[in-house]
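Below are the chains, spelled out letter by letter.
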Amino acid sequence: MAYGPVSLDPKLPPIRINLFSDAQSKPTPAMRDAMQRAEVGDEQLGLDPTVNELCERTAALLGKEAAVFLPSGTMCNVAALLTHCRPGEEILAHETSHILTSEGGSHAALGGIQVFPLQGANGQFSGDALRAAFRPVSRYAPKQVLVSAEQTANIGGGTIWPKAQLDTVARIAHEHGMITHLDGARLLNACVATKVSAQDMAADWDSAWLDFSKGLGAPIGGALAGSRTFIDNVWRWKQRLGGSMRQAGVCAAACIHALDHHVERLADDHTNARALARGLSQIPGFDVQQPETNLVFFAIKDGSMTTEKFLGEMRQRGILLTTLGGRIRAGTHIDVTAWMIDQALDAAREVMRAA
Ligand SMILES: *Cc1c(COP(=O)(O)O)cnc(C)c1O
């Protein structure tokens, strides 16, 4: 499931169009200006006013009592799951989920927690699939305590869980006395695309978080929200994991700027992703998944050329892509324009014609 390697060969031309990930956008001049002006204090003592403002904004946005600022989305997942679960307990999550594929086994390494891989199309699972994974309660079985879902589902194709399906899964989990956790790395992409509010989307989820360093375009940070008691307990894991910070307001200011200026514009990324997918699907040799948000997954049909060669040829033309979960992934973001999408399509056409 790992990301493909990025060549650091100095003979390669500079990267002109970075489709590797929405995490690779650079802070805008206006964002840097907000960072420079930020009021700061000692974050780990609760004395950074900008961090405190960001936490209040995030809690309100997600409809939760409280929130905590963490350095990364990964730490949001890790701190949340370690807080919710005890050693020997089991989490249920999709087999392609970030917690299962991309967090270094942190939940096992640090919390003695195991993750049961659920199956389903597009990185999502149904209420029936969840029910089928419930183990009979006995001293033989691990205690199943938590269900985690990813909105949007990254490796699933940046797909949007329909609100009704999210609600159903959360309801079934709660009926079984389980906790619900929503990985919201790209939650606001789903909200902008569906016009469902973040509060409604996260309503049945006991904990939920936002990543500011994905499509929102901030350089660092995620904020995890939930009940006041839960967030108080997360603070111990934040401390243990080394995620308590000092004058973190310079980073939180970028996140606040993103909430104020970079949410509605996610629709532009979705438009660019659709244009990219449309163009790619008109080039013979590609299998393209129709994008729902800002991630475009595609594969090269057997025989025409290897994925590695295609990525290398694109990189020679200054265009950076990666592979994820066995397919090629392109992510659109604030530094990718419609013109760049046309350029990338021209390059892809040229590379495939030569093959
Ligand atoms: C990127 C990502 C994360 C982790 O966020 P980082 O800020 O990169 O640590 C977690 N979940 C999903 C679905 C992601 O795409």
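Procedures and definitions
Residues numbered from 1 in each chain as written. Predicted model: local features only at pLDDT ≥ 70, side-chain atom pairs only at ≥ 80, totals over all residues. Heavy atoms only, no water. Phe/Tyr/Trp six-rings, centres within 6.5 Å; stacked < 30°, edge-to-face > 60°. Helix = DSSP H or I, 4+ residues; strand = E, 2+ residues; numbered from the N terminus. Buried < 20%, exposed > 50% of the residue type's maximum accessible area, 1.4 Å probe, protein only. Lys NZ or Arg CZ within 6 Å of the ring centre and 35° of its normal. Contact = heavy atoms within 4.5 Å. Core = buried A, V, L, I, M, F, W, Y, C linked by side-chain atoms within 4.5 Å. Near = heavy atom within 4 Å. Polar contact = N/O pair within 3.5 Å; in protein donor to acceptor, adjacent residues only side chain to side chain. Areas by Shrake-Rupley, 256 points an atom, 1.4 Å probe, with all protein chains shown as cover. Pairing = 2+ DSSP bridges. Axes fitted to C-alpha atoms, helices over the stretch in contact; angles between N-to-C directions. Parallel < 35°, antiparallel > 145°, perpendicular 65-115°, else oblique. Left-handed = near helix turned anticlockwise from the far one by under 90°. Nonpolar A, V, L, I, M, F, W, Y, C, P; charged D, E, K, R; others polar.

Caption draft 1: Layout of the packing of aromatic side chains. Across all of its chains, the model carries 4 aromatic pairs by this definition. A ring pair is formed by Phe286 and Phe298, whose centres lie 5.2 Å apart and whose planes are at 80°; its orientation type is edge-to-face. Separated by 12 residues along the polypeptide, Phe286 in strand E9 (residues 286-288) and Phe298 in strand E10 (residues 295-300) bring together distant segments of the chain. Both residues of the pair, Phe286 and Phe298, count as buried. The interplanar angle of 70° and the centroid separation of 5.3 Å between the aromatic rings of Phe286 and Phe310 together place this pair among those described as edge-to-face. With Phe286 in strand E9 and Phe310 in helix H13 (residues 307-316), this pair connects stretches of sequence that are 24 residues apart. Across the pair, exposure class does not vary: Phe286 and Phe310 are buried alike. Here a set of aromatic residues connected by ring pairs shows up, and it is made of Phe286, Phe298 and Phe310. Looking at Lys238, its charged tip hangs above the ring of Trp235, at a distance of 4.7 Å from the centre.

Caption draft 2: Main features of unusual backbone geometry. In this chain, Gln151 is followed by Thr152 through a cis amide linkage whose omega measures -5°. Among the structural elements, Thr152 can be located in the loop between strand E5 (144-150) and helix H7 (163-175). Here the phi dihedral of Asn122 falls at roughly 60°; this positive angle occurs in a residue that is not glycine. Within the secondary structure, Asn122 is located in the loop between strand E4 (114-118) and helix H6 (127-133). Take Asn122: its relative accessible area is 38%, and that puts it in the partly exposed class. Here Lys195, not a glycine, exhibits a phi torsion of approximately 65°, which is positive. Here Lys195 is to be found in the loop between helix H8 (187-194) and helix H9 (198-201).

Caption draft 3: Main features of H8. With respect to burial, H8 is a largely interior element, 6 of its 8 residues being buried. Among all positions in H8, only Leu187, Leu188, Asn189, Ala190, Cys191 and Val192 are buried. As for H8, its buried residues are in contact with helix H2 (49-62), strand E6 (179-183), H9, strand E7 (207-211), helix H11 (249-261) and helix H12 (266-281). After H8 finishes, the residue Lys195 shows a positive phi value of roughly 65°.

Caption draft 4: Fine view of the nonpolar core. Core analysis: the biggest nonpolar cluster contains 54 residues, and Phe69, Leu130, Leu188 and Phe212 have the highest contact counts within it. When residues of this core are assigned to their parent elements, the largest contribution, 7 residues, is made by H11. Not counting the four nearest positions on each side in its chain, Leu188 is found in contact with Leu61, Ala198, Leu210, Leu216, Leu259, Val263 and Leu266. In terms of nonpolar packing, the next biggest core, distinct from the first, is built from 28 residues, Ala277, Leu280, Leu321 and Ile341 among them.

Caption draft 5: Geometry of the site of the ligand. As a structural note, the neighbourhood of the ligand is formed by 14 residues, with Thr74, Asp183, Arg186, Asp211 and Lys214 the closest of them. Arg186 has a polar side-chain atom sitting 2.8 Å from an oxygen atom of the ligand. Within the complex, the protein chains bury 89% of what would otherwise be the 380 Å² of accessible surface of the ligand. Listed by contribution, the elements that provide at least two residues to the shell around the ligand are helix H3 (73-84) and E7.

Caption draft 6: View of the sheet that holds strand E8 (residues 222-226). Strand order across the open sheet formed by 7 strands is E2-E8-E7-E6-E5-E3-E4, with mixed pairing between neighbours. Edge positions in the open sheet fall to strand E2 (66-70) and E4, since each of these has one partner strand only. Neighbour to neighbour, the strand axes of the sheet diverge by 20° on average, direction disregarded. The sheet contact formed by strand E3 (residues 90-94) and E5 spans 3 bridges and is parallel. Note that in E5 the partner of Leu92 across the bridge is Val147. Across the sheet, H7 touches E5 and E6, and the angle it forms with E6 is around 150°.

Caption draft 7: Geometry of the packing of H3 against helix H10 (residues 228-240). The contact between H3 and H10 brings their axes to 9 Å, and the two run at 110°. For the element pair H3 / H10, the angle class is roughly perpendicular. Classified by chirality, the crossing of H10 by H3 is right-handed. For the pair H3 and H10, the contacting residues are Ala79, Ala80, Leu82, Thr83 and His84 in the first and Phe230, Asn233, Val234 and Trp237 in the second. A breakdown of the residues in the contact of H3 with H10 according to their chemical character gives 6 nonpolar, 3 polar and no charged.

Caption draft 8: The pairing of strand E13 (residues 327-331), seen in detail. For E13, a buried count of 4 out of 5 residues is recorded, marking the element as mostly surrounded by other parts of the structure. Here E10 runs beside E13; their pairing, made up of 4 bridges, is antiparallel. Note on E13: the bridge partner recorded for Phe297 is Arg329. Sheet topology places strand E12 (residues 322-324) next to E13; 3 bridges connect them, and they run antiparallel. By the bridge assignment, Leu324 is partnered in E13 with Arg327. Counting the residues that bridge the hairpin from E12 to E13 gives 2 residues, and of these Gly325 lies at a positive phi of roughly 60°.

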